[in-house]
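This is what each chain is made of:
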Protein chains: 4
Amino acid sequence: MNFLSDTTAPAHPALIEAIARANVGFAPSYGADAVSARVEARLKELFETDLKVVFAVSGTAANALALSVLCPSDAMVLCHDEAHIHRDERGAPEFFTGGAKLLPLPGAHGKIDRSALGDALNQWPADFVHAPPPAVLSLSQLNEAGCAYTLEEVGRLTGPARAAGLRVHMDGARFASALAGLGCSPAELTWKSGVDVLCLGATKTGALAAEAVILFPSVMDRFARLQARQKRAGHMAPKARFIAAQLDAWLADDLWLTLARRANTAARRLADGLVQADGAQLAHPVDGNEVFVRLSAPLTQRLRDAGAGFYAWPDGSARFVTSWCTADAEIDALIAAARG
Amino acid sequence: MNFLSDTTAPAHPALIEAIARANVGFAPSYGADAVSARVEARLKELFETDLKVVFAVSGTAANALALSVLCPSDAMVLCHDEAHIHRDERGAPEFFTGGAKLLPLPGAHGKIDRSALGDALNQWPADFVHAPPPAVLSLSQLNEAGCAYTLEEVGRLTGPARAAGLRVHMDGARFASALAGLGCSPAELTWKSGVDVLCLGATKTGALAAEAVILFPSVMDRFARLQARQKRAGHMAPKARFIAAQLDAWLADDLWLTLARRANTAARRLADGLVQADGAQLAHPVDGNEVFVRLSAPLTQRLRDAGAGFYAWPDGSARFVTSWCTADAEIDALIAAARG
Amino acid sequence: MNFLSDTTAPAHPALIEAIARANVGFAPSYGADAVSARVEARLKELFETDLKVVFAVSGTAANALALSVLCPSDAMVLCHDEAHIHRDERGAPEFFTGGAKLLPLPGAHGKIDRSALGDALNQWPADFVHAPPPAVLSLSQLNEAGCAYTLEEVGRLTGPARAAGLRVHMDGARFASALAGLGCSPAELTWKSGVDVLCLGATKTGALAAEAVILFPSVMDRFARLQARQKRAGHMAPKARFIAAQLDAWLADDLWLTLARRANTAARRLADGLVQADGAQLAHPVDGNEVFVRLSAPLTQRLRDAGAGFYAWPDGSARFVTSWCTADAEIDALIAAARG
Amino acid sequence: MNFLSDTTAPAHPALIEAIARANVGFAPSYGADAVSARVEARLKELFETDLKVVFAVSGTAANALALSVLCPSDAMVLCHDEAHIHRDERGAPEFFTGGAKLLPLPGAHGKIDRSALGDALNQWPADFVHAPPPAVLSLSQLNEAGCAYTLEEVGRLTGPARAAGLRVHMDGARFASALAGLGCSPAELTWKSGVDVLCLGATKTGALAAEAVILFPSVMDRFARLQARQKRAGHMAPKARFIAAQLDAWLADDLWLTLARRANTAARRLADGLVQADGAQLAHPVDGNEVFVRLSAPLTQRLRDAGAGFYAWPDGSARFVTSWCTADAEIDALIAAARG
């Protein structure tokens with residue numbers, strides 16, 4: 001009953017097979033290989049636009065690299081108070097940007113409150129030399145409460161941000177789960193909604209270690225800078241073909257969405273079952289593969305005693321994460337334990 | 001006839017098999033898994049000492065992480081003028097250390113000249129507030145001229161450095177090749193010779209993407225700091241078991257030395273054959289899997305015409321790199337082309 | 001009627017005379033002069049303890065230098081949401097620390113709320129590798145609402161902070177005004193209350209440009225590091241005697257407290273008079289030389305029309321700052337204008 | 001007999017008087033005052049061009065601020081191996097640029113060798129992602145050997161640098177002395193010769209603490225960024241009028257050149273006299289207010305015994321610095337001591 005994180009899950013076998021297939025003969029280093037080119041072409045098709053992409057091996061790296069080409073060192077990133085970039089990346093954004101500030105904003109269910117965004121834009125003006133001006137709005141999709149911003153919600157935040165001259169970063173460590181839940185197109189959820197850079201994460205949805213930093217046309221002129229930063233940060237893998245191979249297999253035949261749907265379905269099953277138990281109450285809507293539940297103390301104890309793995313979350317709830325390979329039997333065992 | 005770099009070579013199949021074997025069930029994230037623990041234990045055995053280790057996916061990352069826990073931001077790293085950390089890492093050491101200076105030192109065959117080291121230690125004293133004091137001596141083994149420092153040569157540099165209070169970093173991107181050539185023990189070539197941190201690279205010797213930053217006892221107290229830096233730089237892989245699995249297979253049954261010896265033997269064959277050709281002269285001793293040759297213009301042209309892949313080096317020579325899978329036939333074809 | 005800021009005020013003539021007196025013959029550079037030594041001795045006497053000190057020419061520099069020796073680059077400073085270091089220093093603390101995070105905490109009247117501090121210490125534990133741990137608590141005295149923490153209030157914050165292993169920084173840009181208001185000793189308000197480093201500002205209380213970063217015994221071992229940072233940031237003045245001369249005159253015969261009391265008295269007069277007017281209401285207690293008043297729109301207009309200089313503050317109030325040379329006549333003119 | 005440094009000299013009284021004159025009534029903070037505006041206007045007249053300027057209180061700060069708007073963090077500054085920015089600023093350029101590399105180049109008499117510059121431009125190409133590309137050429141005028149680049153020499157270095165896309169920084173800590181020696185116009189020695197940014201130092205030529213970072217039209221679009229960096233580094237003085245007042249008096253009636261000529265004449269007298277002594281030989285031409293002499297051991301001892309203050313220089317010579325107020329009697333005493 002391991003619901004600790006989707007990063008504890010194994011990789012999908014198709015990706016390892018793809019790595020083995022890519023391991024033939026010599027290939028140019030540092031991303032100049034044929035598989036990398038194929039992934040880029042596939043992403044253009046998928047996102048219905050020209051774009052530029054570099055790969056990384058962790059979501060933290062992808063986010064920090066993206067922010068480093070969007071936010072000057074003396075400027076500021078606006079993000080949710082619970083954002084992964086603020087809470088869980090050991091200051092990587094501050095490091096990669098050379099000391100930019102992250103301004104945490106409040107909002108229910110992990111979503112930035114629109115009026116809080118407006119206040120921040122007013123209080124931190126662009127031309128005040130004494131304070132770092134806001135340069136980037138960062139949204140997580142899924143966010144840290146397991147919720148997905150709807151297309152309309154994305155637009156209502158990116159609109160005023162762009163009007164104030166900010167660029168928009170989307171942390172898509174669980175983008176596949178968000179997309180699968182929302183049912184819109186990748187293009188609609190990103191550049192058509194005002195997103196400049198997407199960090200598309202595969203690791204949490206079945207890859208070994210594969211993330212893509214995607215620059216949409218509005219910021220494609222920063223590609224050379226992004227590559228330089230990638231190199232400088234030690235993230236330009238010498239044998240890049242092995243990251244590319246993972247993404248190649250992940251995107252083929254919509255495997256990524258298949259895996260995301262599987263994880264989402266498991267989360268739904270878990271949520272529906274758990275809330276039947278005495279002392280369990282959903283803390284947030286379940287829009288993807290994460291379930292946040294407020295548990296009574298006795299219920300918490302019962303689950304722990306049964307050997308269930310989950311994290312106590314800072315907001316007082318318990319977080320259960322499902323993955324592409326979470327078995328129904330595991331979920332049912334959890335629910336059975338909950339019912340006592 | 002690809003002799004561009006050992007990073008263009010494929011990975012050894014045993015490592016991909018090890019990845020597949022590790023891909024079973026759930027495993028703790030971020031390096032807390034069983035395979036990572038096994039690799040650490042194996043390294044202790046191999047280096048005959050207690051030690052601490054973190055993994056990375058590029059030599060640039062490994063070096064920069066190591067230097068970031070050895071060198072304060074207002075201090076200095078002494079290295080060879082041709083050192084990879086100085087010439088080929090896009091300023092990653094400067095980035096990870098927060099702006100430390102790299103002081104390039106001269107020396108034949110890629111080896112730091114001892115008197116140049118002495119001069120540097122004299123000219124940049126430890127207690128002069130107006131200049132960054134030397135804090136680290138960095139040695140590459142193999143170095144950038146394809147040469148290995150002998151045990152005695154290592155000691156003659158680490159001795160005065162340590163006496164002046166410096167720590168010693170070894171860039172071991174091709175450590176296996178150096179070790180195979182020298183025939184000493186891993187312990188002798190590192191901590192017993194005054195090395196505090198070794199960046200042990202597997203990528204160039206048969207891995208997909210696996211480097212180990214090893215802290216020997218003299219600096220093991222910096223491990224928590226190293227982990228924090230690893231996280232902050234986006235190099236703490238969520239599914240670390242897949243890097244560990246590579247190292248596990250690489251170190252098993254001395255596969256790493258077998259692969260290194262294979263590459264070294266190929267380099268020897270290439271060097272011996274090439275120097276028979278008119279207009280070819282060795283630029284440096286061949287101590288590992290790299291061959292630097294001064295080529296006449298006609299010979300260069302002949303090799304290019306024959307489709308040989310190699311790099312023109314800044315010092316005017318041509319660099320040929322062999323790998324664990326370089327075929328004798330490829331080498332012989334090169335030599336045949338050279339003879340015209 | 002200029003109440004914009006105490007930085008728009010002239011310097012006290014005694015300080016310029018001291019500069020002229022120090023301008024005789026040759027003197028050692030970079031702080032090794034006799035006047036600098038005299039100031040250090042005077043500070044030891046004043047604070048009743050051994051200490052170390054470096055000078056700077058702006059409060060921003062002093063704060064950032066202080067924080068740079070207290071907070072590792074991958075850690076965090078806890079401060080009030082309105083703190084000058086967070087709002088008004090263009091990210092200087094982030095820059096000088098190499099990318100540390102500032103975590104803004106709420107609290108009435110510019111004072112950090114004690115339970116908010118407790119929550120932060122709980123939510124950001126010291127040993128969690130994925131997030132920057134809190135390393136410093138920063139208090140402003142006077143704070144940004146013009147209020148002074150009482151001795152008891154200081155202790156109630158520094159207590160739990162120190163218990164959690166944090167160091168304590170005090171931004172004393174208006175320390176003289178706070179001290180004059182509280183009536184305690186410099187020692188009581190600083191190291192005896194758990195403060196490790198005081199940035200003692202003279203510029204806002206009558207100097208041309210003079211700030212002192214004072215390390216108390218608990219952190220005196222960081223002095224060499226502080227000097228290195230001072231040099232590296234371009235704040236080690238070649239002719240340091242001219243900063244020292246200012247502080248020398250400022251501290252002599254308690255001139256600093258005399259000037260602070262004068263500014264405080266002026267603020268009291270201004271506050272007492274202004275609140276008599278229709279549509280004026282104190283926003284915060286007046287503990288020093290700053291008065292924050294909520295003004296009705298008509299009253300604001302009346303004051304602007306009369307030519308009064310003051311700032312609209314982000315919290316909706318109006319800020320009036322007095323200085324050592326604010327004339328009663330100016331205040332009375334303001335009050336008369338307010339009464340219409 | 002103090003010839004240690006021009007930073008040990010007092011300030012010229014006219015500058016202190018100017019400070020006293022500026023100390024009247026309230027004035028806008030942070031450089032928006034009338035005196036600052038007057039200095040800017042005067043500089044435009046003097047340099048015969050539009051320009052932008054910010055002030056700083058040390059040459060280290062001025063240089064680092066200038067470089068921070070010219071050199072990206074992942075790029076490189078080319079400078080002489082003995083350059084102050086490389087040897088004597090504790091890595092301030094690395095700090096302010098966010099980790100740029102300084103590449104030291106050789107050359108006789110402190111002047112960058114033209115072919116060494118050419119080699120560097122060839123070896124570090126602009127489009128090689130693996131290494132920091134050169135972005136800035138930095139020249140010191142006077143340089144660290146006390147020599148001035150002639151107009152032609154400046155042009156022969158800035159020409160190829162600009163052709164390769166670099167910007168040019170001039171460290172003018174002793175610009176007045178260089179200019180006085182060369183007898184050309186300020187414009188000719190700077191922007192007309194390909195210089196983008198001049199750090200004009202007054203401190204070493206009679207000021208208390210005043211340096212000007214001057215952006216010529218080619219880079220004036222970086223002014224907002226420069227101001228932000230100035231603030232972020234704590235170098236935007238709250239009461240800027242007191243720095244401006246110094247520069248105002250310094251530039252009035254060509255006082256700056258008068259003072260520089262006085263120092264240069266003293267240096268000439270010192271050099272001419274000293275080389276008459278047995279065991280003294282000029283190490284470099286004397287182009288300004290610094291004299292480098294190779295002294296025999298007995299002569300060194302004789303001078304030390306006589307109480308002469310001078311520094312042993314890393315190149316084995318002895319450095320004697322004169323200033324605007326060096327008395328002929330002091331020089332003659334030194335010469336007498338030398339003759340024994």
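Residues numbered from 1 in each chain as written. Chains lettered and ligands numbered in written order. Predicted model: local features only at pLDDT ≥ 70, side-chain atom pairs only at ≥ 80, totals over all residues.

**A short note on the relation of the copies chain B and chain A**
Relating the two copies of this chain is a rotation about some axis coupled with a shift parallel to it. This is how the line gets drawn: C-alpha atoms of residues with pLDDT of at least 70 in both copies form the basis for the least-squares superposition of the copies. Residue pairs qualify as contacts under a 7 Å threshold applied to their C-beta atoms, which are placed from the backbone.
Overlaying chain B on chain A yields an RMSD of 0.0 Å, the required transformation being a rotation through 180° with an accompanying axial translation of 0.0 Å. Between the two chains, the operation in question is that of a two-fold axis. Identified as the residue of chain B closest to the rotation axis by C-alpha distance is A233 of chain B, at 3.5 Å. Looking at chain B, 100% of its interface residues are interface residues in chain A too, so the copies touch through the same face.

**Focus on the sheet that holds strand 6 (residues 197–201) of chain A**
Residue and element names in this part refer to chain A. Rule in force here: At least two DSSP bridges between two strands are needed for those strands to be called paired. A run of H or I in DSSP becomes a helix once it reaches four residues, and a run of E becomes a strand once it reaches two; helices and strands are each numbered from the N terminus. Note on definitions: angles span 0 to 180 degrees between N-to-C directions of axes, and those axes are lines fitted to C-alpha atoms, for helices only across the stretch in contact.
Taken together, the seven strands give an open sheet; going across it, the order is 1-7-6-5-4-2-3, and neighbouring strands pair in mixed fashion. Taken across any chain shown, the strands that pair with only one partner, and hence form the sheet edges, are strand 1 (52–56) and strand 3 (101–105). Recorded for the sheet is a direction-independent mean angle of 20° between the axes of neighbouring strands. In this sheet, strand 7 (residues 211–215) lies alongside strand 1 in antiparallel orientation, the contact comprising five bridges. Looking at strand 7, one finds that V53 is bridged to I214. Running at roughly 170° to strand 4 (residues 134–140), helix 7 (residues 151–163) makes contact with strand 4 and strand 5 (167–172) of the sheet.

**Quick word on the pairing of strand 9 (residues 290–295) of chain D**
All names here are of chain D. Threshold: Buried residues are those with 20 or more other C-beta atoms within 10 Å of their own C-beta, exposed residues have 12 or fewer, and partly exposed residues lie in between; C-beta atoms are placed from the backbone.
Where burial is concerned, most of strand 9 is hidden: five out of the six residues are buried. Of the strand pairs in this sheet, strand 8 (residues 280–282) and strand 9 are connected by three bridges, and their pairing is antiparallel. When the bridges of strand 9 are listed, Q281 appears paired with R294. Both strand 9 and strand 11 (residues 318–321) contribute to a ladder of four bridges, which runs antiparallel. Note that in strand 11 the partner of E290 across the bridge is V321.

**Re the relation of the copies chain D and chain A**
Laying chain D over chain A is done by rotating through 180° and shifting 0.0 Å along the axis; what remains is an RMSD of 0.0 Å. Comparing interface residues between copies, 100% of those in chain D also sit at the interface in chain A, which points to an isologous, same-surface contact.

**What about the confidence of the model for chain A?**
Definition in use: How sure the predictor is of each residue is captured by pLDDT, a score from 0 to 100.
Looking at chain A, pLDDT values average 97 and 100% of them are 70 or higher. Reported confidences for the modelled complex are a pTM of 0.97 and an ipTM of 0.97.

**Here's the deal with the environment of H86 of chain B**
Residues and elements named next belong to chain B. Positionally, H86 belongs in helix 4 (residues 84–87). Owing to 24 C-beta atoms within 10 Å, H86 belongs among the buried residues under this scheme. Along the backbone, H86 and P72 are 14 residues apart, and their C-alpha atoms lie at a distance of 17 Å.

**Concerning the interface of chain D and chain A**
We apply this condition: Here the term charged refers only to Asp, Glu, Lys and Arg, the term nonpolar to Ala, Val, Leu, Ile, Met, Phe, Trp, Tyr, Cys and Pro, and the term polar to all other amino acids, Gly among them.
The interface of chain D with chain A comprises ten residues on the first partner and ten residues on the second. Grouping the constituent residues of the side of chain D that touches chain A by class yields two nonpolar, four polar and four charged.

**Focus on the domain arrangement of chain A**
All names here are of chain A. Stated precisely, the cut-off is as follows: The domain limits used here are those given by an automatic or database domain assignment.
Examined at the domain level, chain A breaks down into domain 1 (13–253) and domain 2 (255–339). Its C-alpha centre places domain 1 at a distance of 27 Å from the equivalent point of domain 2. Domain 1 puts 22 residues into the contact, and the matching count from domain 2 is 18 residues. Elements supplying a minimum of two residues to the side of domain 1 that touches domain 2: helix 8 (175–182) and helix 11 (241–251). With six residues, the single largest contributor to the side of domain 1 that touches domain 2 is helix 8. Split by residue class, the side of domain 1 that touches domain 2 holds 14 nonpolar, six polar and two charged.

**Notes on the interface of chain B and chain A**
Listed as interface residues are 41 residues of chain B and, on the opposing side, 41 residues of chain A. Counting only elements with at least two residues in the side of chain B that touches chain A, the list comes to helix 1 (13–22), helix 3 (59–70), helix 5 (92–97) and helix 10 (223–232) of chain B. When grouped by side-chain class, the residues that make up the side of chain B that touches chain A number 24 nonpolar, 13 polar and four charged.

**Let's talk about the sheet that holds strand 7 (residues 211–215) of chain B**
Residues and elements named next belong to chain B. Here we have seven strands laid out as an open sheet, ordered 1-7-6-5-4-2-3, and mixed in their pairing. Of all strands in the sheet, those with a lone pairing partner are strand 1 (52–56) and strand 3 (101–105), marking the two edges. The sheet shows a mean angle of 20° between the axes of neighbouring strands, direction not considered. Two elements, strand 2 (residues 76–80) and strand 4 (residues 134–140), share three bridges in a ladder whose sense is parallel. Across the sheet, the residue bridging to M76 is P134, located in strand 4. Set on the sheet, helix 6 (residues 114–123) makes contact with strand 2, strand 3 and strand 4; between it and strand 3 the angle comes to about 140°.

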